[in-house]
Amino acid sequence: MGELLLIFVGAMLVNNFTLAYFLGLCPFMGVSARVETALRMGMANIFVMTITSLCAWFLNTFVLPHAPYLRLISFIVVIASLVQITEMTIKKVSPKLFRELGIFLPLITTNCAILGLALFQTNRGYGLVEGLVYALGAGAGLTLALVLMASIRERAELSSVPAIARNMGLVLIIAGSLSLAFMGFAGLFTS
């Protein structure tokens, strides 16, 4: 149980996909204007990461030992399919959220954090349970980064920010500061 906790916390804080590995920056920069939208995007990412982890484990265990050259392309096909299913579900269940996420929802397909999860999980030799915990930790870390960025951006709207630092300049300053803050977890433990 302790090892699973280390995997979860390591993926969420120490090796945060967005703030330590710089993966998943498209939704991090684009969907982080409002906390509510960032939280929902994070939940969509957690869902896709969890199912991707399950599929990556299945492929790596039963299919890819016989055809390792298909690993990357099979992961890409799985991720694209899962994102399409997620997109159709969100469109049907919550049209408002579908409109809020806009182009960033289909961009989960090209979110390198999702592909990175599948590759890191298989390279580390994680089993089913370890892989799912890793996916949940990575998704929680991505969600944490999105929500932190969105909350700081919302707060900055109420502040007097010089014109030169507004918009993307401020986003990059916040992203760099968050990344530096998360580097403080580097000595905690690794996954």
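Higher on the page you've got the structure.
Given the structure is predicted, the values throughout are model-derived calculations rather than measurements. (Residues numbered from 1 in each chain as written. Predicted model: local features only at pLDDT ≥ 70, side-chain atom pairs only at ≥ 80, totals over all residues. Heavy atoms only, no water.)

K.L.:
Describe the overall build of the protein, listing the residues and the values that go with them.
P.N.:
Counting its regular elements, the protein contains eight helices and zero strands. Its helices and strands taken in sequence order, the protein reads α-α-α-α-α-α-α-α from the N to the C terminus. The C-alpha radius of gyration of the protein comes to 17 Å, within 12% of the 16 Å expected for a compact globule of 191 residues. Here the protein holds 191 residues, and 43% of them are scored as buried. In the protein, the share of contacts with a sequence separation of at least 24, taken over all contacts with a separation of at least 6, comes to 79%. Carbon and sulfur atoms make up 71% of the accessible area of the protein, which totals about 9,700 Å². Here the protein contributes 11 positive and 7 negative side-chain charges, whose respective centroids are spaced 7 Å apart. (Helix = DSSP H or I, 4+ residues; strand = E, 2+ residues; numbered from the N terminus. Rg over C-alpha atoms; globule rule 2.2 N^0.38 Å. Buried < 20%, exposed > 50% of the residue type's maximum accessible area, 1.4 Å probe, protein only. Contact = heavy atoms within 4.5 Å. Areas by Shrake-Rupley, 256 points an atom, 1.4 Å probe, with all protein chains shown as cover. Lys, Arg positive; Asp, Glu negative; His and termini not counted. Charge placed at Lys NZ, Arg CZ, Asp CG, Glu CD.)

K.L.:
Got a sec to walk through the side chain of Ser 74? Specific residues and values, please.
P.N.:
Mapped onto the fold, Ser 74 is located in helix α4 (residues 71-93). The class of Ser 74 is buried, set by a relative accessible area of 14%. From its side chain, Ser 74 meets the backbone oxygen of Arg 71 in a polar contact 2.8 Å long. Aside from chain neighbours lying at most four places away, what touches Ser 74 is Leu 59 and Leu 64. (Polar contact = N/O pair within 3.5 Å; in protein donor to acceptor, adjacent residues only side chain to side chain.)

K.L.:
Before we move on, could you go through the packing of helix α3 (residues 35-63) against helix α6 (residues 112-123) and cite the residues and values that matter?
P.N.:
Running from N to C, α3 and α6 point in directions that differ by 35°, and their axes come no closer than 9 Å. When the axes of α3 and α6 are compared, the crossing they make is right-handed. In this structure, α3 contributes Asn 45, Val 48, Met 49, Thr 52, Ser 53, Ala 56, Trp 57 and Asn 60 to the contact, and α6 contributes Ala 113, Ile 114, Leu 117, Ala 118, Gln 121 and Thr 122. Residues belonging to the contact of α3 with α6 are distributed by class as follows: eight nonpolar, six polar and no charged. (Axes fitted to C-alpha atoms, helices over the stretch in contact; angles between N-to-C directions. Left-handed = near helix turned anticlockwise from the far one by under 90°. Nonpolar A, V, L, I, M, F, W, Y, C, P; charged D, E, K, R; others polar.)

K.L.:
Can you break down a nonpolar patch on the surface residue by residue, with the values?
P.N.:
A contiguous nonpolar patch, built from Tyr 69, Leu 70, Leu 72, Ile 73, Ile 76 and Val 77 and spanning about 590 Å² of accessible area, is present on the exposed surface. With respect to the element layout, Ile 76 can be found in helix α4. (Patch = residues over 30% accessible without salt bridge, like charges linked within 9 Å, V, L, I, M, F, W, Y side chains within 5 Å. Salt bridge = Lys/Arg side-chain N within 4 Å of Asp/Glu carboxyl O.)

K.L.:
I'd like a rundown of unusual backbone geometry, residues and numbers included.
P.N.:
At Phe 22, a residue that is not glycine, the phi angle is positive and equals roughly 60°. Residue placement: Phe 22 occurs in the loop between α1 (2-14) and α2 (25-30). Its relative accessible area of 47% is what places Phe 22 among the partly exposed residues.

K.L.:
An account of the environment of Leu 105 is needed here, citing residue identities and associated values.
P.N.:
By the element assignment, Leu 105 lies in the loop between α5 (95-101) and α6. For Leu 105 and Glu 157, which are 52 residues apart along the polypeptide, the C-alpha to C-alpha distance reads 25 Å. The contact partners of Leu 105, leaving out residues within four places of it in the chain, are Met 41, Ala 44, Val 83, Glu 87, Ile 90 and Phe 98.

K.L.:
How would you summarise the packing of α1 against helix α7 (residues 128-157) if you had to cite specific residues and measurements?
P.N.:
Between α1 and α7, the shortest axis-to-axis distance is 7 Å and the interhelical angle comes to 30°. For the element pair α1 / α7, the angle class is roughly parallel. Crossing handedness for the pair α1 and α7: right-handed. Contact residues: α1 offers Glu 3, Leu 4, Ile 7, Phe 8, Ala 11, Met 12 and Leu 13, while α7 offers Val 129, Glu 130, Val 133, Tyr 134, Leu 136, Gly 137, Ala 138, Ala 140, Gly 141 and Leu 144. (Parallel < 35°, antiparallel > 145°, perpendicular 65-115°, else oblique.)

K.L.:
With reference to specific residues and values, describe the environment of Gly 131.
P.N.:
Within the secondary structure, Gly 131 is located in helix α7. Taking the C-alpha atoms as reference points, Gly 131 and Met 183, separated by 52 residues in sequence, lie 24 Å from one another. Ignoring sequence-local partners within four residues, the contact set of Gly 131 consists of Ser 53, Gln 121 and Tyr 126.

K.L.:
Explain the nonpolar core residue by residue, including any values.
P.N.:
If you look at the biggest cluster of nonpolar residues, it comprises 46 residues, and the most contacted ones within it are Phe 17, Phe 28, Met 49, Ile 108, Leu 117, Tyr 134 and Met 149. If one sorts the elements of this core by residue count, α7 sits on top with 11 residues. What Phe 17 contacts, discounting residues up to four positions off in sequence, is Ala 11, Phe 22, Leu 23, Met 49, Ala 113, Gly 116, Leu 117, Phe 120, Tyr 134 and Ala 138. Formed by seven residues, the second largest nonpolar core is a distinct cluster that contains Ala 56, Leu 59, Leu 64 and Val 78. (Core = buried A, V, L, I, M, F, W, Y, C linked by side-chain atoms within 4.5 Å.)

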